[in-house]
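Architecture and fold: a report
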Amino acid sequence: MSAERMTAFLDGCSPESRLKFLVASHCAPVLKGIKVSNTMSSERGTWNRLVKSLKGSGVLCILLSNQGKREVLLLYRYEELRGHLEREPVKQFLKSRGYEDTGVAAVILQIRGQYDRYVRSGQGFPHELGVVLEYPVEDVDGFIRNKGKNCLLEKYWKVYHNQEQAAEVFARYDRARKQAMEQVIAGYPLKEIAAI
């Protein structure tokens with residue numbers, strides 16, 4: 001999609017269409033069912049509007065933080081996230097980070113508390129959020145050990161292992177993003193964009 005086409009759309013669209021475009025550009029992989037969750041930042045008041053727009057789509061939205069003029073939202077597919085959190089490497093990583101219960105509700109509640117504390121104090125970023133966002137455990141661990149430096153590849157996350165596989169995933173995310181943004185421009189509601 002060309003920058004001119006995006007600019008023309010955004011210059012003439014309604015606030016609701018602008019929100020759909022923001023969601024599509026940041027969360028297309030979860031909308032299209034190829035990723036379990038995504039985060040996005042937006043202006044205050046977005047969460048309520050987004051919950052209504054996604055109702056019945058299979059994509060849920062919770063507020064991670066709403067400090068200042070911004071909200072940080074987590075969009076996720078419950079069953080897919082549950083299955084992801086049941087994977088043994090993910091469970092072990094979360095347990096190593098102090099998560100006793102690795103069920104969806106418990107993990108989201110703890111991540112939300114950790115993230116909100118980080119936003120308030122600026123310290124102690126909950127890197128386990130990367131695992132909830134379906135980044136490979138090895139890459140989240142690599143990021144922590146390398147303090148965010150020395151990665152092999154960087155796009156949707158910083159890659160420390162299996163660069164080729166990550167590049168393939170990035171290409172799938174790019175295709176999903178392009179498709180979702182084109183659907184927004186064509187006037188589809190988010191509920192339909194999120195239909196698998």
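Use the structure listed above.
First, a word on scope: everything that follows refers to the structure included in this document.

Rules used in this analysis
- Residues numbered from 1 in each chain as written.
- Predicted model: local features only at pLDDT ≥ 70, side-chain atom pairs only at ≥ 80, totals over all residues.
- Heavy atoms only, no water.
- Buried < 20%, exposed > 50% of the residue type's maximum accessible area, 1.4 Å probe, protein only.
- Helix = DSSP H or I, 4+ residues; strand = E, 2+ residues; numbered from the N terminus.
- Pairing = 2+ DSSP bridges.
- Salt bridge = Lys/Arg side-chain N within 4 Å of Asp/Glu carboxyl O.

Counting buried residues in strand β2 (residues 60-65) gives five out of six residues, a clear majority hidden from the surface. When β2 meets strand β3 (residues 70-76), the two strands line up antiparallel, connected through five bridges. When the bridges of β3 are listed, Ser 65 appears paired with Val 72. Between the end of β2 and the start of β3, which pair antiparallel, lie four residues, with Gly 68 showing a positive phi angle near 65°.

Moving on to the pattern of salt bridges. Per the counting criterion, the structure on display carries nine salt bridges. Linking Lys 155 and Asp 174 is a salt bridge whose minimum nitrogen-to-oxygen distance equals 2.5 Å. Here Lys 155 is found in the loop between β4 (153-154) and β5 (158-159), whereas its partner Asp 174 is found in helix α9 (residues 163-185), with 19 residues between them in sequence. The shortest N-O distance in the salt bridge between Glu 182 and Lys 178 comes to 3.1 Å. Remark: Lys 178 and Glu 182 occur in helix α9; sequence separation between them is four residues, near one turn of the helix. Among the charged side chains, a network of salt bridges with common partners joins Glu 16, Glu 43 and Arg 49.

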